[in-house]
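# Architecture at a glance
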Amino acid sequence: ETGVTQSPTHLIKTRGQQVTLRCSSQSGHNTVSWYQQALGQGPQFIFQYYREEENGRGNFPPRFSGLQFPNYSSELNVNALELDDSALYLCASSWGQTQYFGPGTRLLVL
Amino acid sequence: KNQVEQSPQSLIILEGKNCTLQCNYTVSPFSNLRWYKQDTGRGPVSLTIMTFSENTKSNGRYTATLDADTKQSSLHITASQLSDSASYICVVSAAAKLSFGAGTTVTVRA
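Residues numbered from 1 in each chain as written. Chains lettered and ligands numbered in written order. Predicted model: local features only at pLDDT ≥ 70, side-chain atom pairs only at ≥ 80, totals over all residues. Heavy atoms only, no water.

## What to know about the sheet that holds strand β1 (residues 5-7) of chain A
Residue and element names in this part refer to chain A. As a reminder, the rule being used: The criterion for strand pairing is that DSSP finds at least two bridges linking the strands in question. Labels follow the DSSP assignment, with helices taken as runs of H or I lasting at least four residues and strands as runs of E lasting at least two, numbered in each case from the N terminus. Structural elements are reduced to axes, namely lines fitted to C-alpha atoms, with helices fitted over the stretch in contact, and the angle between N-to-C directions of any two is expressed from 0 to 180 degrees.
One open sheet holds the four strands; their spatial order is β1-β3-β8-β7, and the pairing between them is antiparallel. The open sheet has two free edges, formed respectively by β1 and β7 (64-68), since each of these has just one partner strand. The mean angle between the axes of side-by-side strands here comes to 20°, regardless of whether they run parallel or antiparallel. Where strand β3 (residues 19-24) and strand β8 (residues 73-78) come together, six bridges link them in antiparallel fashion. Residue pairing across strands places Ser 24 opposite Ser 73, the latter belonging to β8.

Have a look at this one:
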């Protein structure tokens, strides 16, 4: 177990809807990253938060946004869902050089 | 073109046999290279992390090698077990950014 939890485990939404995914990191891990992993592909970096500020972003549109809270939890929000947003969404907290991944939330957009 | 290329895309081996997975990268400047194991529907779990000065690192039956001059890494699995069936992802860190390979899917059969 990595000590990183995510909720919900699975989610089904329809095109155009909005979704919020949650991640709870280990205490003291003040860096959290979010990734999108399509089936059969490696994770793609969405963005990273450090001490509640976004400090890095991948090639994702602004409808992907996030928040990090003082209690080491974080959120990924996706607006105006598209079919291609269907994927496994992973969060990872960092301690030193090691990233600890959560189990992921599988999102299906119909 | 992905900056981290893994091969083969998938492989099937018999329980007890060895196998070697390859990772070639073009990412620079290089910070470290990581191998992760990802079970189906789960988040990746770190196996090894190697910096520029390290050319081999072991974690139980997993041994990773790194040739920073040729920008190649390998992951060797010894005496495979059914529980080794998973996707193995090579991740290269450069300037605090992680680049993920697409992974090699390993299936171990009895």
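Having seen the structure, we can now continue with the description.
## Describing the nonpolar core
Rules: Note on terminology: a nonpolar core comprises buried Ala, Val, Leu, Ile, Met, Phe, Trp, Tyr and Cys residues joined through side-chain atoms within 4.5 Å. Each residue is assigned to one of three classes by its accessible area relative to the maximum for its type, calculated with a 1.4 Å probe on protein chains only: buried under 20%, partly exposed between the two thresholds, exposed over 50%.
One finds Leu 21, Tyr 25, Leu 33, Trp 35, Leu 75, Tyr 88 and Val 92 of chain B to be the most contacted residues of the largest nonpolar core, which totals 26 residues. Secondary structure elements with two or more residues in this core: β2 (10-14), β3 (19-25), β4 (32-38), β5 (45-51), β7 (62-67), β8 (72-77), β9 (86-94) and β11 (104-109) of chain B. It is β9 of chain B that provides the largest number of residues to this core, a total of five residues. Val 4, Trp 34, Ile 46 and Val 78 of chain A belong to the second largest nonpolar core, which has 20 residues in total.

## Observations regarding the pattern of salt bridges
All names here are of chain A. Rules: Should a side-chain nitrogen of Lys or Arg be within 4 Å of a carboxyl oxygen of Asp or Glu, the pair is scored as a salt bridge.
Within the structure shown, the criterion is met by six salt bridges over all chains. Salt-bridge contacts for Arg 63 lead to Asp 85; the nearest nitrogen and oxygen are separated by 2.8 Å. Linking Arg 63 in the loop between β6 (53-57) and β7 with Asp 85 in the loop between β8 and β9 (87-95), this pair joins segments that are 22 residues apart in sequence. No difference in accessibility class separates Arg 63 from Asp 85, as the two residues are buried. Among the ionic contacts, a cluster of salt bridges with common partners joins Arg 63, Glu 82 and Asp 85.

## A few points about the state of the cysteines
Filter applied, for reference: Sulfur atoms of two cysteines make up a disulfide when they are within 2.5 Å.
One pass over the full model with this rule turns up two disulfides over all chains. Paired by a disulfide, Cys 23 of chain A and Cys 91 of chain A hold their sulfur atoms 1.9 Å apart. The chirality of the disulfide connecting Cys 23 of chain A with Cys 91 of chain A is right-handed, given an S-S dihedral of about 70°. One end of the pair, Cys 23 of chain A, is in strand β3; the other, Cys 91 of chain A, is in strand β9, with 68 residues separating them in the sequence. Residue Cys 23 of chain A is classed as buried on the basis of its relative accessible area of 3%. Using a relative accessible area of 0% as the deciding quantity, one classes Cys 91 of chain A as buried. Note on cysteine connectivity: Cys 23 of chain B is disulfide-linked to Cys 90 of chain B, with sulfurs 2.0 Å apart. Given an S-S torsion of about -65°, the disulfide between Cys 23 of chain B and Cys 90 of chain B has left-handed geometry.

## Overview of the interface of chain A and chain B
Selection criterion: By definition in these notes, contact holds between two residues if any of their heavy atoms fall within 4.5 Å. Buried area: the sum, over both parts, of the accessible surface (1.4 Å probe) that disappears when the two are put together. As used in this structure description, the phrase polar contact means that two N or O atoms lie within 3.5 Å; if the pair is within protein, one of them must be able to donate a hydrogen and the other to accept it, and residues adjacent in sequence are counted only when both atoms belong to side chains.
Facing the 15 residues of chain A at the interface are 15 residues of chain B. Roughly 1,300 Å² of surface becomes buried between chain A and chain B when both sides are summed, with 54% attributable to carbon and sulfur atoms. Three residues stand out in chain A for area buried against chain B, namely Pro 43, Gln 97 and Phe 101 of chain A, and they jointly supply 37% of the buried area on that side. Remark: the boundary between chain A and chain B carries zero salt bridges. Where chain A packs against chain B, one counts one residue pair in polar contact (both at pLDDT 80 or more).

## Some words on the environment of Asp 84 of chain B
Residue and element names in this part refer to chain B. As for its placement among the helices and strands, Asp 84 is situated in the loop between β8 and β9. Under the relative-accessibility criterion, Asp 84 is labelled buried at 1%. Separated by 46 residues in the primary sequence, Asp 84 and Gln 38 place their C-alpha atoms 9.8 Å from one another. For Asp 84, the contacting residues outside a window of four places in its chain are Lys 37, Arg 61, Tyr 62, Ile 77, Val 106 and Val 108. A polar contact is formed between the side chain of Asp 84 and the side chain of Arg 61, at a distance of 2.8 Å. Among the polar contacts made by the side chain of Asp 84, one reaches the side chain of Tyr 62 at a distance of 2.8 Å.

## What to know about the packing of aromatic side chains
The criterion, for reference: Stacked, edge-to-face and tilted are the three classes for Phe, Tyr and Trp ring pairs, Trp counted by its six-membered ring, which pair at centre distances within 6.5 Å; planes under 30 degrees apart are stacked, over 60 edge-to-face, the rest tilted.
Per the stated rule, a full pass over the model turns up nine aromatic pairs over all chains. Taking 5.0 Å as the distance between ring centres and 70° as the angle between the ring planes, the aromatic pair formed by Tyr 35 of chain A and Phe 100 of chain B counts as edge-to-face. With Tyr 35 of chain A in strand β4 (residues 31-37) and Phe 100 of chain B in strand β10 (residues 97-100), the pair connects residues from two separate chains. The exposure class assigned to Tyr 35 of chain A is buried, which follows from its relative accessible area of 1%.

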